[in-house]
Amino acid sequence: MPSHTAVAAALDGFAAKVLAEVLPRQRWFGGQGRRIDSVSVLDTAVFAAGTAGAWLVLLDVAFEEAPSETFFVPLTVRSDGAPTGEVFGRLDLGGASARVADAFDDPDFCSELLVAFDAGLTLRARHGTVRFVRTPAFPRLDAGEVPPPRRLRGEQSNTSVVFGDVLVLKSYRNPVRGINPEREMTGFLTARWRFAAVPQLAGAAEYAGADGTVMTLAVLQTFIRGCGDGWTWVLGELESLRDRVITRARREPVDASRLGAIVRDEASSLLGALGRLGRLTGGLHDALAADPADPAFAPQPISVEDTAAWTARIDADLGRTCDLLRARLAALPEAAQRSAGAVLAGEAALRACLGGLEALAVDRCSKIRVHGDYHLGQTIRTDGGFVVLDFEGEPARPPAERRAKQSPLRDVAGMLRSFDYAASTAFGSSEELAGVGDAWRDLAAAAFLDQYVDVASRARVRLVPASQLALDRVLRVFELDKALYEVRYEIDHRPAWVGVPLRGLHRLSVQGPAR
């Protein structure tokens, strides 16, 4: 049987030759749209004995026109037995051959991960260490029994494994160097402030390199039993709404003047739920502002320098996004090309929307830690309302920016953009139904905002501007910021979706600044 050293050396070559071709096909790989220049192994650790075991592998992926990034790719290396999931290729071990596969497809590997947390295991890697730590929320495993693991499938940048109905492991495929925002945020909210509407942090797997590099590879959280994620639930409600409006239109005239009232009537239950989500969001932001003694979370007054810096960044992002659209225009779907052309023609009008953040400083609003990537898909629908997930922030933003204190209205703008995605998905762009989607989007935004402002205006620090006009102007800027990010993200990850934020940008350019 080849030594661990021989297997590690063979993995070096395997990464350079095979994984460079395999990675772009993985749903969790964040490099779609960018050409890989090279793939090399940063570090490896044996997780189970021999070539029949598993390896924890950190890769350095260099791109042709972008900075290199780190990816966490646990692998099983086995010479016999039936494959348990996707096979990446064969590993040459000096005359012998072993099958290399995604370790998260192997139930035994996933079970061993939970045992590692239970034991507080520390593994020696070639250049560093991997440590499994648990918190008081980690449940007792009876007689070493591990709840059955089940890998979640879906379009996401991470990999999640559910253990029975007790725990869920979230593995960061593209881990950040330094403090992990989600680990830090969920620890603060649950261990210190007992905020009920987020999963409790039960553990974390962390890597420490010989050069001082620290990365969180995974977090373990309590499992939330619910009715599915908020995005899927809302889409189901909107499909029902669409059918009811179509049926009603067959019985009575539905002109533009009555459409809003009809949609409000037919969607009253859904709008009420989104109002409660607004209240929960206000409570979340109040909790994140709760500890003035913790430097990482203490609320701070928003200064004129802050608003100027945020405006300058968004202005630069607008230019960068328009440059990207020009460069990728020919590769976009035909409908998205038309939307992109409209956005490029309205670039000056979008830039005119950037004024308005000054009210945050004038009204002495506070900046706090925020969710950072807030949308319907980051919630779970439960019998009692919603639970908020995934506090790692926007994956494409630098780690320092994800941990920076911001206006909580950035989260609010993210949810408003999510309503736009939901409306576009459920009602499409057909002329017959687009008006229904527009009416629902506006009603959903109003329901959410009314309840959010009601809670946030009574928070321990000021979170929102004093006037409705100032609030509208600030939200317009942050919605622009979010839509610009969405365009860049979708082009790299899901080109078929880029039309949604492009239409949102065009709508902002036509509406202009709030008055």
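This one's a predicted model, so the numbers in the text were calculated from it and none came from an experiment.

Asker: Describe the nonpolar core, listing the residues and the values that go with them.
Answerer: Grouped together as the largest cluster of nonpolar side chains are 93 residues, with contacts concentrated most on Leu409 and Trp440. For this core, the leading source of residues is helix 13 (residues 431–456), giving 12 residues. Setting aside residues no more than four positions away along its own chain, Leu409 makes contact with Leu360, Tyr452, Leu463, Val464, Pro465, Leu471, Val474, Leu475 and Phe478. Counting 31 residues, the second largest nonpolar core, distinct from the first, contains Cys110, Leu123, Phe138 and Leu220.

Asker: Can you break down the pattern of salt bridges residue by residue, with the values?
Answerer: Per the stated rule, a full pass over the model turns up 45 salt bridges. Measuring nitrogen to oxygen at the nearest pair gives 3.1 Å for the salt bridge that ties Arg326 to Asp323. Of this pair, Arg326 and Asp323 both sit in helix 7 (residues 304–328), three residues apart, which is roughly one turn of the helix. Taking relative accessible area as the criterion, Arg326 reaches 44% and is therefore assigned partly exposed. The closest approach of N and O atoms between Lys482 and Asp373, which form a salt bridge, is 3.2 Å. Separated by 109 residues along the polypeptide, Lys482 in helix 14 (residues 468–493) and Asp373 in the loop between strand 15 (366–367) and strand 16 (379–382) bring together distant segments of the chain.

Asker: Would you mind going over the packing of aromatic side chains in detail, with residue names and values included?
Answerer: This model, assessed by the stated rule, comprises 16 aromatic pairs. Between Phe47 and Phe109 the ring centres are 5.4 Å apart and the planes differ by 70°, which places this aromatic pair in the edge-to-face class. Highlighted residues: Phe47 in the loop between strand 1 (36–46) and strand 2 (54–63) and Phe109 in helix 2 (residues 107–119), separated in sequence by 62 residues. Summarising the burial analysis for this pair, Phe47 and Phe109 share the class buried. Relative to Phe109, the ring of Phe104 has its centre 5.6 Å away and its plane inclined at 80°; by these criteria the two rings are edge-to-face. An identical accessibility class is assigned to Phe104 and Phe109; each is buried. Counting every residue linked through ring pairs, the aromatic cluster contains Phe47, Phe104, Phe109, Phe117 and Phe132. Of note, Arg369 hangs over the ring of Phe297, and the distance from its end group to the ring centre comes to 4.9 Å. Across the ring face of Phe386, the terminal group of Arg381 is positioned such that the distance to the ring centre comes to 5.0 Å.

Asker: An account of the packing of helix 12 (residues 409–427) against helix 13 is requested, with residue identities and associated values reported.
Answerer: Direction vectors running N to C along helix 12 and helix 13 enclose 155°, while the axes themselves pass 9 Å from each other. Here helix 13 runs roughly antiparallel to helix 12, going by the angle between their axes. Between helix 12 and helix 13 lies a crossing whose hand is right-handed. Contacts between helix 12 and helix 13 involve Leu409, Val412, Met415, Leu416, Phe419, Asp420, Ala422, Ala423 and Phe427 from the first element and Leu433, Val436, Gly437, Trp440, Arg441, Ala444, Ala445, Phe448, Leu449 and Tyr452 from the second. A breakdown of the residues in the contact of helix 12 with helix 13 according to their chemical character gives 16 nonpolar, one polar and two charged.

Asker: Go over the environment of Ala8, please, and point to the residues and values.
Answerer: Tracing the backbone shows Ala8 in helix 1 (residues 4–22). Considering only alpha carbons, one finds Ala8 and Gly385, 377 residues apart in sequence, at a separation of 48 Å. If sequence neighbours within four positions are ignored, Ala8 has contacts with Thr44, Trp55 and Arg126.

Asker: Explain unusual backbone geometry residue by residue, including any values.
Answerer: One non-glycine residue, Arg364, lies in the positive phi region at around 60°. Topologically, Arg364 is positioned in the loop between helix 10 (358–362) and strand 15. Phi is positive for Asp390, close to 55°, though the residue is something other than glycine. Inspection of the secondary structure assignment puts Asp390 in the loop between strand 17 (385–388) and helix 11 (399–403).

Asker: I'd like a rundown of the pairing of strand 16, residues and numbers included.
Answerer: Burial along strand 16 is two-sided: the residues Thr379 and Arg381 and Ile380 and Thr382 are all buried. Pairing of strand 16 with strand 17 involves four bridges; the strand directions are antiparallel. Residue Thr382 lies in a different strand from strand 17, and its bridge partner there is Gly385. Between the antiparallel neighbours strand 16 and strand 17 lie two residues.

Asker: I'd like a description of the sheet that holds strand 8 (residues 128–134), backed by residues and values.
Answerer: Reading across from one edge, 7-8-12-13-11-10-9 is the order of the seven strands in this open sheet, with antiparallel pairing throughout. Either end of the sheet is taken by a strand with one partner, and the two such strands are strand 7 (122–124) and strand 9 (149–151). When strand polarity is set aside, the average angle formed by the axes of neighbouring strands in this sheet is 15°. Inspection of the sheet shows strand 9 paired to strand 10 (residues 159–163) by three bridges, in the antiparallel sense. Each residue of the ladder has a partner; that of Pro149, found in strand 10, is Phe163. Together, strand 8, strand 11 (167–171), strand 12 (201–209) and strand 13 (214–222) form the strand contacts of helix 3 (residues 181–192), whose direction differs from that of strand 12 by roughly 150°.

How each quantity is defined
Residues numbered from 1 in each chain as written. Predicted model: local features only at pLDDT ≥ 70, side-chain atom pairs only at ≥ 80, totals over all residues. Heavy atoms only, no water. Core = buried A, V, L, I, M, F, W, Y, C linked by side-chain atoms within 4.5 Å. Buried < 20%, exposed > 50% of the residue type's maximum accessible area, 1.4 Å probe, protein only. Helix = DSSP H or I, 4+ residues; strand = E, 2+ residues; numbered from the N terminus. Contact = heavy atoms within 4.5 Å. Salt bridge = Lys/Arg side-chain N within 4 Å of Asp/Glu carboxyl O. Phe/Tyr/Trp six-rings, centres within 6.5 Å; stacked < 30°, edge-to-face > 60°. Lys NZ or Arg CZ within 6 Å of the ring centre and 35° of its normal. Axes fitted to C-alpha atoms, helices over the stretch in contact; angles between N-to-C directions. Parallel < 35°, antiparallel > 145°, perpendicular 65-115°, else oblique. Left-handed = near helix turned anticlockwise from the far one by under 90°. Nonpolar A, V, L, I, M, F, W, Y, C, P; charged D, E, K, R; others polar. Pairing = 2+ DSSP bridges.

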